[in-house]
Structure formats: structure tokens, C-alpha cells
Amino acid sequence: MKRLEKNMKLKQTPQRLAIINFLENNKNHPTVEDIYRAIIEQFPTISLATVYKNIETLKNLGMIREITIDPEKKHFDPNTLTHHHLICTECKRIVDINIDFEIKLPDNFISDFEITGNHIEFYGICSLCKNSKVVKNGI
Ligand SMILES: [Zn+2]
Ligand SMILES: [Zn+2]
């Protein structure tokens, strides 16, 4: 998110700066609610709608990326470079996969589209959830 501070076209409110600071180098893929919970500590009067609006703006400016791997909630990622994600289907924890898989589409797609990116979603159950399941089932 290095470009953020240099983007002078963006009106910088203290609230927006706080959101940007929270997101910078954040690898937890927070939801809007997560961001709201963090920002309200500094700005007790901020509304969820304001956080939403700021997130939308940052997304539309290409400063953060929206991750839709979780069907229940959108998550946001300040890392806009190509990378992939793995989600735990139990606790919804999302981790980055920084591997270049070198995916190639057949020629007919390439002649029809200029390919600008790709994103692979992996699903699984993390070790924490797997262990708590074992405990719950009494095995
Ligand atoms: Zn989990
Ligand atoms: Zn990511």
C-alpha cells in the first residue's frame, strides 16, 4: 500500500488515515466489521457506514483488494499484487499463498481477452479447527 500516502487526489480525513494505517501490512484479510472494531477505539463516534464508504473508496482506487473467498463476508487485502488465498471453512481464517502457479489459458481465450490477473481459492480446515473437532467428538 505504498501508493496510498502519495495519492493526493484522495481527501485525507483522520478517520480514513486511521483505516489506511490499520490496513497497511495487515495480513489478516479483515472484514469491514473487523476494521470498524479497530477504528472505533480511536474514533468512538465513527459509524459502520463511514467505514464502509471509506473501504469502497480505497477499493475503487485500487489501493486494496476485495476477497470474496468467504461466502458470508467480504474481506479486504492491502496486498494488491497477484497472490492466492487459502481459507479455513470452519473459522474463516484466510492465509496468503505467494506462489506463481503459471496458469495458462488456451489460445482462444487469449485472442478474445487481454488477461489481467488470476486468483485461486483453496479451501480446507486449519489445524486449530481440526484439533477442536477431535476434542468435541471425544475421539
Ligand atoms: Zn480454522
Ligand atoms: Zn491476501
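The sections below set out a description of the structure shown in this document. All values reported here derive from a predicted model rather than from experimental measurement. (Residues numbered from 1 in each chain as written. Chains lettered and ligands numbered in written order. Predicted model: local features only at pLDDT ≥ 70, side-chain atom pairs only at ≥ 80, totals over all residues.)

## Thoughts on the nonpolar core
Within soluble globular proteins, side chains that are nonpolar tend to cluster in buried spots. Ala18, Ile19, Ile20, Leu23, Ile35, Ile39, Val51, Ile55, Leu58, Ile64 and Phe76 form the largest nonpolar core, which has 11 residues in total. Among the secondary structure elements, those contributing two or more residues to this core are helix H2 (14–23), helix H3 (32–39) and helix H4 (48–60). Ranked by residues supplied to this core, first place goes to H2 with four residues. (Core = buried A, V, L, I, M, F, W, Y, C linked by C-beta atoms within 7 Å. Buried ≥ 20, exposed ≤ 12 C-beta atoms within 10 Å, placed from the backbone. Helix = DSSP H or I, 4+ residues; strand = E, 2+ residues; numbered from the N terminus.)

## Things to note about the sheet that holds strand E4 (residues 94–97)
Pairing between sheet strands relies on hydrogen bonds along the backbone, with the strands arranged either parallel or antiparallel. Read across the sheet, three strands follow the order E4-E3-E5 without closing on themselves; strand pairing throughout is mixed. The sheet is open, and its two borders are formed by E4 and strand E5 (121–124), each paired with just one other strand. On average, adjacent strands in this sheet sit at an angle of 25° to one another, irrespective of strand direction. The pairing of strand E3 (residues 84–88) with E5 spans four bridges and is parallel. (Pairing = 2+ DSSP bridges. Axes fitted to C-alpha atoms, helices over the stretch in contact; angles between N-to-C directions.)

## Some thoughts on the environment of His83
Examined against the element boundaries, His83 turns out to sit in the loop between strand E2 (75–77) and E3. You can call His83 partly exposed: it has 15 C-beta atoms within 10 Å. Between the C-alpha atom of His83 and that of Phe113, which follows or precedes it by 30 residues, the distance is 21 Å.

So yeah, pure geometry; function would need other evidence.
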